[in-house]
Amino acid sequence: MASNEDYDRNADFDLKRLEELAKDSAVGDTMYEKRSVIEKVLEVGKHFQKTCYVKDGKILELDPKIEDLLCTLWDISVEEDVSVFYFEHGVLDIFVELFSNPNVRVKEISIGVMANMVFHKRVFLSIIEKDKYLEKCLKLLEEKDSPTLVIVFRCLHSYGFNLFNLFISDETSPSKEEIKNLLSRCLVFLSIESIVQSIGIIIASCTNKEVLSNASKFLSIVGELWEESEERRKVSQFYAEEQFLVCVLEAMSESVGIDKTEKHFAVFLNIVYENDVDKEIFGALSEKVINVVDKLLKDHVLEYNAIEDTDLEFIFNLAYLVKVSIESGGFEKLPNKLISHLKTVQHRVETSEIEPSNENRTSILNLLKSSVSNIQSMQQNGGGEDSDHESGSTSHDSSANNSPVTFRTPANNSPVTFGTPANDSPFTFGTPNH
C-alpha cells in the first residue's frame, strides 16, 4: 500500500505534467487557450471579409456579437504574451487593416489592440521595425471621433516613451546606433507637414479632456526626443511654426485646471521656445502667450493649496515664457493683473517649504523678478497697459541666471516628469464602456 508521502510525490509529478500540457495549449504563461484565441480571430476576420458596413450611404452599427469578440481580443492584449502571439501570428495586421473600416467603433477597438501591443517593450521592438504600423496609426489622426483619438495619441506617446527609455537604458541590445536609426525613422513620419497640421487642428478644436491630455503627453515626449536627433531643425520645423504654436496655446486655454495636461503642454512650449522657434515668432505670439500664462497663474497656479517641489518645473516654464515674450516687445498691451499675479507667485514660492538652496527655486525667482522689473520699467517709460501700478523694483538678472540650466536633465526629461510612472507612463487598456 502506497504511503501518503509516495502519493504526494506522485500527485505532484502528475500535476506538473498537467501544467506543462496546459502550457502547450496556452498562449505563453497566460490562462488563454491558443485554440480559443485563434477561433475568435478567425470569426472576426471572416465577418469583415464578407460584411460591408456601408449601406445606402449610411454606416451600419457594429454587429453586437462581433463587438463582443473584438472587445475580448482587445482586453486580453493587455497580457504581453498575448501581444507577442498576436504579432508572431499576423493578428496585428488583421486589426491594422480594420483601421480603414468606416465604423468608428471598429477603428477604436483596432487601434486599442495596437496601442496595447506597442506598450510592451518586447513587442514594440518588432513593431517599430515596420514603418507601416506607424503610418497606419498616424492616418487615424484624420478621424473626428474622440474615443479613437484618445487611443491614437496614447499609442503615439508609447512609441516616444519606449524610444526614450531605450536611449537612457544601459542595455547593450539594441545598440545605441540601432536606436538612433529607429528614432530617425520615427521622427521622419511624425514631422510630415500634414501630420503636424492634423495634430494642430485636433488640439485647437477639441474639448475632450482625455484627448488633450494624451496629446500633451505625446508632444512633450516628442520634444524630448528631438534632443537625440541629428536633424533637429528638420524634424521640429513644423511644430515650431506660429500656426502650430497658436494651436498649442488654444489647447492650454481649454485645459486650465487640468494639472498634468497643462504641465506637459508647458514642457513642450519651453522646449520649442528655447531651441526651435525663430525669434520673430516670440514677438508675434507674445500677447497670446502672456495672456494664456496670466490665466494659468491666476486660475491654476494660485489655486494650489501650497507650492511643492513637483510644481517648480511648471512654474519655471510659465515664468520663462512670460520673460521671453515681454523681452520680445511684440505685444500692444498686458493683462491688468499680470504684475500682481507674478508677484503673488513669487511670494508663494519664497514662503513655500522648498529649501532656499534649491536651484530650481532660485531660477524661478530670478525669472519672476526679471519679468516684474521689465514690466515696471515699461510702465515708468509709458509702455504697456498694465494697470497694476505698484511701487518697488527689482534688478534685472543676467540671462545666465535666468536660463533653464537645472530643469530637464535626463532624469527630469522622461515622460514621467510630472508624476510617478504609474500615473504618467503609457499603460495598457481594456475595453472602455460604451
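Scroll up a little and you will see the structure.
Residues numbered from 1 in each chain as written. Predicted model: local features only at pLDDT ≥ 70, side-chain atom pairs only at ≥ 80, totals over all residues. Heavy atoms only, no water.

(A) Main features of the environment of Ile 128. Following the sequence through the fold, Ile 128 ends up in the loop between helix H7 (121-127) and helix H8 (131-139). Residue class for Ile 128 comes out buried when judged on its relative accessible area of 6%. Along the backbone, Ile 128 and Arg 185 are 57 residues apart, and their C-alpha atoms lie at a distance of 9.1 Å. (Helix = DSSP H or I, 4+ residues; strand = E, 2+ residues; numbered from the N terminus. Buried < 20%, exposed > 50% of the residue type's maximum accessible area, 1.4 Å probe, protein only.)

(B) Region of interest: the packing of aromatic side chains. With the rule as written, the count across this model stands at eleven aromatic pairs. What links up through ring pairs into an aromatic cluster is the set Trp 226, Tyr 239, Phe 244 and Phe 268. (Phe/Tyr/Trp six-rings, centres within 6.5 Å; stacked < 30°, edge-to-face > 60°.)

(C) Focus on the nonpolar core. Membership of the largest hydrophobic core comes to 133 residues, with the highest contact counts inside it found for Tyr 86, Met 114, Tyr 159, Leu 219, Tyr 239 and Tyr 273. If you tally residues by element for this core, the top one is helix H9 (residues 146-168), at twelve residues. Tyr 239 has contacts with Leu 190, Ser 191, Val 196, Ile 199, Phe 218, Leu 219, Trp 226, Phe 244, Leu 245 and Phe 268, leaving out every residue within four places of it along the chain. (Core = buried A, V, L, I, M, F, W, Y, C linked by side-chain atoms within 4.5 Å. Contact = heavy atoms within 4.5 Å.)

(D) Representation of the pattern of salt bridges. For the coordinates displayed, the defined rule picks out 21 salt bridges. As a salt-bridge pair, Glu 39 and Arg 35 come within 3.1 Å of each other at their nearest N and O atoms. Taken as a pair, Glu 39 and Arg 35 lie in helix H2 (residues 34-50) at a separation of four residues, close to a single helical turn. On the basis of relative accessible area, Arg 35 is assigned to the exposed category, the value being 63%. Two residues, Arg 232 and Asp 276, come together in a salt bridge whose shortest N-O distance is 2.7 Å. (Salt bridge = Lys/Arg side-chain N within 4 Å of Asp/Glu carboxyl O.)

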